[in-house]
Structures are given as structure tokens and as C-alpha cells.
2 protein chains.
Amino acid sequence: MDLSPGTLDTLFQALADPTRRTMLERLAKGPASVSDLAAPLEMTLPAALDHVRRLEAAGLVATEKQGRVRIARLVAARYAPVTTWLDAQRAMWEARLDRFERFAVRQRDANTESKDTRDD
Amino acid sequence: MDLSPGTLDTLFQALADPTRRTMLERLAKGPASVSDLAAPLEMTLPAALDHVRRLEAAGLVATEKQGRVRIARLVAARYAPVTTWLDAQRAMWEARLDRFERFAVRQRDANTESKDTRDD
DNA sequence: GTGTTACTTAAGCCCTGACTTAACTATTGG
DNA sequence: CCAATAGTTAAGTCAGGGCTTAAGTAACAC
């Protein structure tokens, strides 16, 4: 598994945890401290920090220390590889459907050939 | 973690493994047997079968036994929760950007008030 | 300067994930 | 029937994930 930031592996893995998705949802509304993120999650600070670090490692989040508090903010642009992959999947699937449809039409035409002239 | 099929948890987790993504890419082109899927991955059959099972548990794939071979096919529609979540994230992010922009414009107008009358 | 706050590190625990080999079972082709 | 094929189950290894508590450290607030 490639664990460099911004890869599909790290991104999907970062998104696979509900706690981290909750954090991302929170951060989409604006920056927050680690405590802010931990509070609604009923979780100790070390655990929350670990998740933040993981999001940061994935490249989805950037953090900055201001005095004694660490502020995290979303880097939304980094979802790109994920959406790109999903789009590519959809494209492949649709290409296949198209091929299948042409095949089905050919079959139908072969079956109904010179029987009638359809216009549906 | 909710492990029922079709949930964000199971979907993202299923997608987090490169082996499984490769399988999905292959299946987007059409159905395949477990051996077909295992072959290019340099992996024993039990391991491949395990991945197929996991994709099936996530709801992304359906399988059917034909004689002694198990055929897997993609159920592309099941990506929906993932794309929906990503779209929602983007929407939240953009709503925030809009608010920020309005704020910035207000600041600019406050700063330049009665200095000039802009028309950009 | 002393206590509180906000993180940080370290250690450890338990469970799951991704494999492997070995030993079946169920088809199928000669 | 018999051997090869395709999958399946069982068992075990090994690494990592998600948490905890306990013990720091650094910045503030008085």
C-alpha cells in the first residue's frame, strides 16, 4: 500500500472511519481546534489528535499551532483523486453498458429482421 | 462502526484496499470468476475470495455460482452513498466559501467606503 | 510562580485486516 | 471411474488501527 499523502489508499482509508468523517464535516464549516473536534465525539484528546494527524497525513487537513492550541482546517481540493477515480469507474461502467446495448440492439434487429419495420 | 452493506463505513473501507479497487476496475468491464480476478494480482485464491466476499458484503458486487466457478459482477449503482457524501461535503465547503466571500466584500466595501464608487 | 488549559508522548490492549499453507468438497472432461 | 480444476474452510501469522491511562511539556491567567 502506498501511504504517501493524496493517494487513493490514504484518502479512502482516511475516509473509512466515521470519526474522521465527522471531523471533516465539522471542518467543512470552518477551522477548529483539536479539543473542538474531540468534544462532540466522546473521546479522549490523544485519540482525537491521532485522527487529526491521520487526516493531515492524507492531505485532507492542514494544522497550525497557535499558542497552545492546534487549529485544523480543511483542504477541500484534496478530495480530487477520490472523485476522479469514481468518475473513471462510472465511465468504464457506462462504456460497457453502451457496448452491451449495441449488442442487444443488434440481437433484436437480427431477430426481427424483415419481420416488421419498427420505429420505437 | 456500522457494518451493514451500503453504509459509508463499509463502502469506504471496501474501497480503501488497492487489491479491491483493482478488482472493481476489472469488473467495470464485465463479470469475472474469482480466478480471473486473482490471476493478475499474484495472490492465492483464498485471499482473492476474501476480497470478493468483502466487496459483496459492501454491496458493490454480486456473485453467483455457475457449476464450480463463482462469477462476480459489479453493482455500480451502489457507489451512490459515497458520491452523495462527497457532494454534500463540497456543498458545505462552498457554502462556507460564499459566506467568507460576502464577508470579504463587506470588509472591502467598508474600507473603501466613500473613497470611490466602484463598478466591477 | 502557580495552577489551569491544551496538547503531546509513551505504553499497552484488543480487535481486525491481509495474507499464507494445508486439507477438504464439488464439478467436469477423458 | 479418475484426475485435474475451481472454489471453500480452517488455522495461524503478522502488522496496523482505534482506543485507553499516565505522565509529560508549553502557553496562559492570575
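Residues numbered from 1 in each chain as written. Chains lettered and ligands numbered in written order. Predicted model: local features only at pLDDT ≥ 70, side-chain atom pairs only at ≥ 80, totals over all residues. Heavy atoms only, no water.

**Student:** Outline the relation of the copies chain A and chain B, supporting the account with residue identities and numerical values.
**Tutor:** With an RMSD of 0.0 Å, the operation that places chain A on chain B is a rotation of 180 degrees combined with a shift of 0.0 Å along the axis. These values place the two chain copies in the arrangement generated by a two-fold rotation axis. Among all residues of chain A, the minimum C-alpha distance to the rotation axis is found for Phe12(A), at 2.9 Å. (Least-squares fit on C-alpha atoms with pLDDT ≥ 70 in both.)

**Student:** Would you mind going over the sheet that holds strand 3 (residues 69–74) of chain B in detail, with residue names and values included?
**Tutor:** Across a sheet, strands are paired by hydrogen bonds formed along the backbone, either parallel or antiparallel in direction. Residues and elements named next belong to chain B. Reading across from one edge, 1-3-2 is the order of the 3 strands in this open sheet, with antiparallel pairing throughout. Each end of this open sheet is capped by a strand with a single partner; those strands are strand 1 (32–33) and strand 2 (61–66). Strands in contact with helix 2 (residues 18–27) are strand 1, strand 2 and strand 3; relative to strand 3, the strand with the most contacts, it is inclined by about 85 degrees. (Pairing = 2+ DSSP bridges. Helix = DSSP H or I, 4+ residues; strand = E, 2+ residues; numbered from the N terminus. Contact = heavy atoms within 4.5 Å. Axes fitted to C-alpha atoms, helices over the stretch in contact; angles between N-to-C directions.)

**Student:** Lay out the environment of Pro46(A) with the relevant residues and their values.
**Tutor:** As for its placement among the helices and strands, Pro46(A) is situated in helix 4 (residues 45–58). Sequence spacing of Pro46(A) and Val34(A) is 12 residues, and the spatial spacing of their C-alpha atoms is 9.5 Å.

**Student:** Before we move on, could you go through the sheet that holds strand 1 (residues 32–33) of chain A and cite the residues and values that matter?
**Tutor:** All names here are of chain A. Pairing in this open sheet of 3 strands is antiparallel, and the strands run 1-3-2 from one edge to the other. Two strands bound the open sheet, and with one partner strand each, they are strand 1 and strand 2 (61–66). Pairing geometry for strand 2 and strand 3 (residues 69–74), over 6 bridges, is antiparallel. Among the inter-strand pairings, Thr63 is bridged to a residue of strand 3, identified as Ala72. Across the sheet, helix 2 (residues 18–27) lies against strand 1, strand 2 and strand 3, angled at about 85 degrees from strand 3, the strand it touches most.

**Student:** Got a sec to walk through the pattern of salt bridges? Specific residues and values, please.
**Tutor:** Taken as a whole and judged by the stated rule, the model has 8 salt bridges over all chains. Measuring nitrogen to oxygen at the nearest pair gives 2.7 Å for the salt bridge that ties Arg21(B) to Asp9(A). With Arg21(B) in helix 2 and Asp9(A) in helix 1 (residues 8–15), this residue pair bridges two chains. A relative accessible area of 5% places Asp9(A) in the buried class. With a shortest N-O distance of 4.0 Å, Asp50(B) and Arg54(B) are connected by a salt bridge. Here the residue Asp50(B) and the residue Arg54(B) both occupy positions in helix 4 (residues 45–58), the gap between them amounting to 4 residues, near one helical turn. (Salt bridge = Lys/Arg side-chain N within 4 Å of Asp/Glu carboxyl O. Buried < 20%, exposed > 50% of the residue type's maximum accessible area, 1.4 Å probe, protein only.)

All we've got here are geometric facts, nothing functional implied.
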